[in-house]
Amino acid sequence: MFHKHTHIAPTLASQLLVAADAAARAIPPAFPLDATVAVNPFLGQTGEDLATASGRLARVAGVCLTRPRAELTAKVSAGEITEDDLAAALVASPSPVKPRDLATLKARMHCPAPAPQALPTVAELAAAATGTDWPAIIARTVGLWAAGHFDRGQALWTPRPGPGAYAAWREWATHDLTPEIAGLTGFSAHVAAAPDSADRAILRAADRLGLGPDAAETAFHRLLIDLGGWPMHARWMLWQAELAGGTDATITDLLAIRLVWEEALLIHCPAVAADWQAVVATHAEPVQPTAEQVLDAILQDAAERAHQRRLAAQLTGTVARGGRARLQAAFCIDVRSEVLRRALEAQDEAIETLGFAGFFGLPVAHRPAGTDELQAHLPALLTPALTSTSHGAEDEEATRRIAARARRAWGRFRQAAVSSFAFVEAAGPVYGGKLMRDVLGLGAEGLKPAPMPRIEGGLTAEQKAQTAAAVLRAMSLTEGHARLVLLVGHGAQVTNNPHESAYHCGACSGQTGEVSSRLLAALLNHPETRAGLPGLGLSLPDDTLFVAGLHDTVTDKVTLYLDTPAPGHAADLAQARAWLAAAGHEARAERSPRLPGATPDTLMRRARDWAEVRPEWGLAGCAAFIAAPRGVTAGRDLKGRAFLHSYDWAQDKGFATLELILTAPVVVASWISLQYYGSTLAPQVFGGGNKLIHNVVGGIGVVEGNGGLLRPGLPVQTVHDGERPAHDALRLSVMIEAPTEAMTEVLRKHDAVRQLFDNGWLHLFALQNGRVAARYRPGLKWQEAVSETGLAA
């Protein structure tokens, strides 16, 4: 079965390389720390339903994709999940191995669920046979090499540029004595004799390991999972390359590296050959869920139906508002805005809030002051069409660049191998005051405003009007404008937190919403924009002023940016600031009981505390996305668990905005929801580990301790309070007030989005007059609501 010389037929070779590509695409991308974007960890499994994906990931990763059975059974016993919820979930399951009736389901759910076990690798079989922890040695050595190879400027000494990952690793591994010291004699020579390309290495290893096309895909997937977050970083590199119209082979290189190790260990430990042959045979079997995995998927669906039932009971119609609003405030749809929006509207009945994606419809790549590096300020699904900058005058920019270079040089002096000792001896005491301020949480307060951004090259008068009209229509903000309209992005003030960008705006690729909100406010206030809008069927009142703002989601403070002088609106602005301050106080009072050890008065201190592992809960708890007029959700306490997008289908001619909502904000929200879901239910694979022992590596991500595998996803402290999960792991329920026919046509045009709903990664409901009217069913079908809560069975 295991061959010394490799000669693979062309057809077989192409099938194996196709399997390698499929395994690579089964891995989700992990974005680097400076622009963390929530990613659906099951991005490669959206073509399957939850039960099948559970079967696949149990095989390759040893994880379960549903909440613990005992936890869900306890909710049934407590009445939180009703018999109707169970029955509806059972009927909806298409599996041929599901329980035959409700009584069988209820009886079987009390039996303990078997723990999933990943199929072993050769390294694990060899470890069991020899007593040497080969998986740990692989993780350690590959992690050490990868930290240097992928470094993005953190390391003082970087490897020479040029070679791809596989070639660079071969060069490095031929000089690394760690495997041979551990007992893997001849490993360096084995690497030196390996094929000179990743594809040929994969083909040779597949032949020597006895992997045919049927077994290769999940076997390759298993090996990529074994490398932790490094393949996810490589998958991000492929993602970025494909967005730019290119490609990247790094993730295939990593697969080749891991296969070279498997080859060597099988040669080193031939006693495991029979066991490995049995593993290969199991890999060759089709991926199918077991009856136990189907049962758990049904219970998971029942839990989601219970949440949908409670949510539907809150949506009882539309609250009408009369007269011109005194203040309108457009917030990002982020669930953290729901609490502040509700508190702000409670200050005065003439206040109206709206929800829209936090990049405010501007597809911008931004060049911050002091650097030429571009930052994406739009959803990761989109490609920038505009470039903005905060660069000032030439002499001012030169001063900023000199200061930035001086800071970098000083930082390198402090950290370099030799000069760091002299630095501590000579300058250490000078830092005593700063150290005490940081320890006591007395550092700077608030997010520091950046210089005013502008579009590079400017826009013509026609472009200004067209861009403004498109954004206003997408926001359903085409009439009834107040004298003062706030455009409020969001960010989070945290200290000593490598995952800072994960708390910022997901629709801005992990940046704050400041740039987008300020650009849009300036655009909507511009005289050329105002002059051109009537020709496009829109107009803005002469006395309407747009003002950008930034919501600090840790402290619930809102900073306003008065970039357009408006002395005539001084009283309006003063009143708005007073309302925002009062609303922030109420929001802090609502949020603080959820945070361990927090009070409304300590949230601001937590933002400055360099030892605080939970400055806020981020988007933990997110469970619903509602696109409808604000009257549908106004006054309802949704407990900061719903993305709220303003949408009036009656104003949406041709349903272009509906298509945009379903293909962009809904998908982004699903990525956020499923990242929290995966980090909660499968933290060993999709979670970021323990914040207390994190070390940043390469400016890319974190490792636990002083080396090893990259940890993707959310840290445990982000989704757990130390005693129980802080995130309720439910797939997102999407509720949109629009005709079902229009939504069907959008899904018909976009297969990737339709997959999410057809395979149950998202739930879709149609609202009518503020109530649930129908539930989407797989195959572009709808089931009308029949129950008192408005939910179909």
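About the thresholds
- Residues numbered from 1 in each chain as written.
- Predicted model: local features only at pLDDT ≥ 70, side-chain atom pairs only at ≥ 80, totals over all residues.
- Heavy atoms only, no water.
- Pairing = 2+ DSSP bridges.
- Helix = DSSP H or I, 4+ residues; strand = E, 2+ residues; numbered from the N terminus.
- Axes fitted to C-alpha atoms, helices over the stretch in contact; angles between N-to-C directions.
- Contact = heavy atoms within 4.5 Å.
- Buried < 20%, exposed > 50% of the residue type's maximum accessible area, 1.4 Å probe, protein only.
- pLDDT = per-residue confidence, 0-100.
- Phe/Tyr/Trp six-rings, centres within 6.5 Å; stacked < 30°, edge-to-face > 60°.
- Salt bridge = Lys/Arg side-chain N within 4 Å of Asp/Glu carboxyl O.
- Core = buried A, V, L, I, M, F, W, Y, C linked by side-chain atoms within 4.5 Å.

Participant: Explain the sheet that holds strand E8 (residues 545–552) to me, please; I cannot follow it from the model alone.
Facilitator: Backbone hydrogen bonds hold the strands of a sheet together, and the pairing may be parallel or antiparallel. Strands sit in the order E2-E1-E7-E8-E9 across an open sheet of five strands; the sheet is mixed. Two strands bound the open sheet, and with one partner strand each, they are strand E2 (351–356) and strand E9 (557–561). Within this sheet the neighbouring strands show an average axis-to-axis angle of 25 degrees, counted without direction. Here strand E1 (residues 327–332) pairs with E2 via six bridges, running parallel. The partner of Gln328 across the bridge, within E2, is Glu352. Packed onto the sheet, helix H17 (residues 335–345) meets E1, E2, strand E7 (484–491), E8 and E9 and runs at close to 165 degrees relative to E2.

Participant: For this particular structure, what's the right way to read the sheet that holds strand E15 (residues 763–768)?
Facilitator: Here we have six strands laid out as an open sheet, ordered E11-E10-E14-E15-E16-E17, and mixed in their pairing. Of all the strands in the sheet, just strand E11 (642–646) and strand E17 (781–784) have a single pairing partner and so form its edges. The mean angle between the axes of side-by-side strands here comes to 25 degrees, regardless of whether they run parallel or antiparallel. Pairing geometry for E15 and strand E16 (residues 771–777), over four bridges, is antiparallel. By the bridge assignment, Ala766 is partnered in E16 with Ala774. Seen against the sheet, helix H31 (residues 740–749) touches strand E14 (733–737), E15, E16 and E17 and runs at an angle of roughly 150 degrees to E15.

Participant: How should I be thinking about unusual backbone geometry in this particular structure?
Facilitator: Trans is the common state for peptide bonds, and a negative phi is the common state for residues other than glycine. Even without being a glycine, Asn496 presents a positive backbone phi close to 55 degrees. Looking at the element boundaries, Asn496 is found in the loop between E7 and helix H22 (500–503). Even without being glycine, Asn769 reaches a positive phi, approximately 55 degrees. For Asn769, the position within the fold is in the loop between E15 and E16.

Participant: It is not clear to me how the environment of Leu119 should be interpreted in this structure. Could you clarify?
Facilitator: Residue position: Leu119 is located in the loop between helix H5 (102–108) and helix H6 (122–130). A relative accessible area of 15% means that Leu119 is categorised as buried. A C-alpha to C-alpha distance of 25 Å links Leu119 and Val191, two positions 72 residues apart in sequence. Excluding residues that lie within four positions of it along the chain, Leu119 makes contacts with Arg59, Glu124, Arg222, Val279, Thr282 and His283.

Participant: How should the confidence of the model for the protein chain be read in this particular structure?
Facilitator: With 92% of its residues at a pLDDT of 70 or more, the protein chain shows a mean pLDDT of 92. Predicted confidence is poor over residues 1–5, with pLDDT under 50, and the contacts of this stretch with residues over four places away or in other chains come to 16 contacts.

Participant: Explain the side chain of His233 to me, please; I cannot follow it from the model alone.
Facilitator: Examined against the element boundaries, His233 turns out to sit in helix H13 (residues 230–243). With a relative accessible area of 3%, His233 lands in the buried category. Every residue in contact with His233, bar those within four places of it in the chain, is listed here: Ala30, Phe150, Ile700 and Leu710.

Participant: Honestly, the packing of aromatic side chains in this entry has me stumped. Any pointers?
Facilitator: Any pair of aromatic rings gets described here by the distance separating the centres and the angle formed by the planes. Tallied over the full model, the rule gives 13 aromatic pairs. Between Phe42 and Tyr677, the ring centres sit 6.2 Å apart and the planes meet at 85 degrees, which makes this aromatic pair edge-to-face. Taken together, the positions of Phe42 in the loop between helix H1 (10–25) and helix H2 (50–61) and Tyr677 in helix H28 (residues 665–681) put the pair 635 residues apart, joining distant regions of the chain. Tyr677 carries the same exposure label as Phe42, and that label is buried. Plain terms: the ring middles of Trp145 and Phe150 are 5.9 Å apart, the flat faces sit at 70 degrees to each other, and that makes the pair edge-to-face. Like Trp145, the residue Phe150 is buried in the burial classification. Of the aromatic side chains, those joined through ring pairs into one cluster are Phe42, Tyr677, Phe686 and Trp761.

Participant: So what exactly am I meant to see when it comes to the pattern of salt bridges here?
Facilitator: Two side chains with opposite charge may pair up if their charged atoms get near one another. Within the structure shown, the criterion is met by 48 salt bridges. Between Arg25 and Asp21 there is a salt bridge, with the nearest N and O atoms lying 3.2 Å from each other. Taken together, the residues span about one helical turn, with Arg25 and Asp21 both in helix H1 at a distance of four residues. Under the relative-accessibility criterion, Arg25 is labelled partly exposed at 32%. Among the charged side chains, a network of salt bridges with common partners joins Glu124, Arg222, Asp226, Arg258 and Glu262.

Participant: For this particular structure, what's the right way to read the nonpolar core?
Facilitator: The nonpolar side chains of soluble globular proteins are, as a tendency, buried together. The biggest cluster of nonpolar side chains holds 161 residues, and the ones touching the most others in it are Trp145, Phe220, Trp261, Phe625, Phe643, Ile736 and Phe757. At eleven residues, helix H14 (residues 250–268) tops the list of elements feeding residues into this core. Leave out the neighbours within four places in its chain, and Trp261 touches Ile137, Ile138, Thr141, Val142, Trp169, Pro179, Leu184 and Phe187. Ala330, Leu354, Val515 and Leu524 belong to the second-largest nonpolar core, a separate cluster that totals 30 residues.

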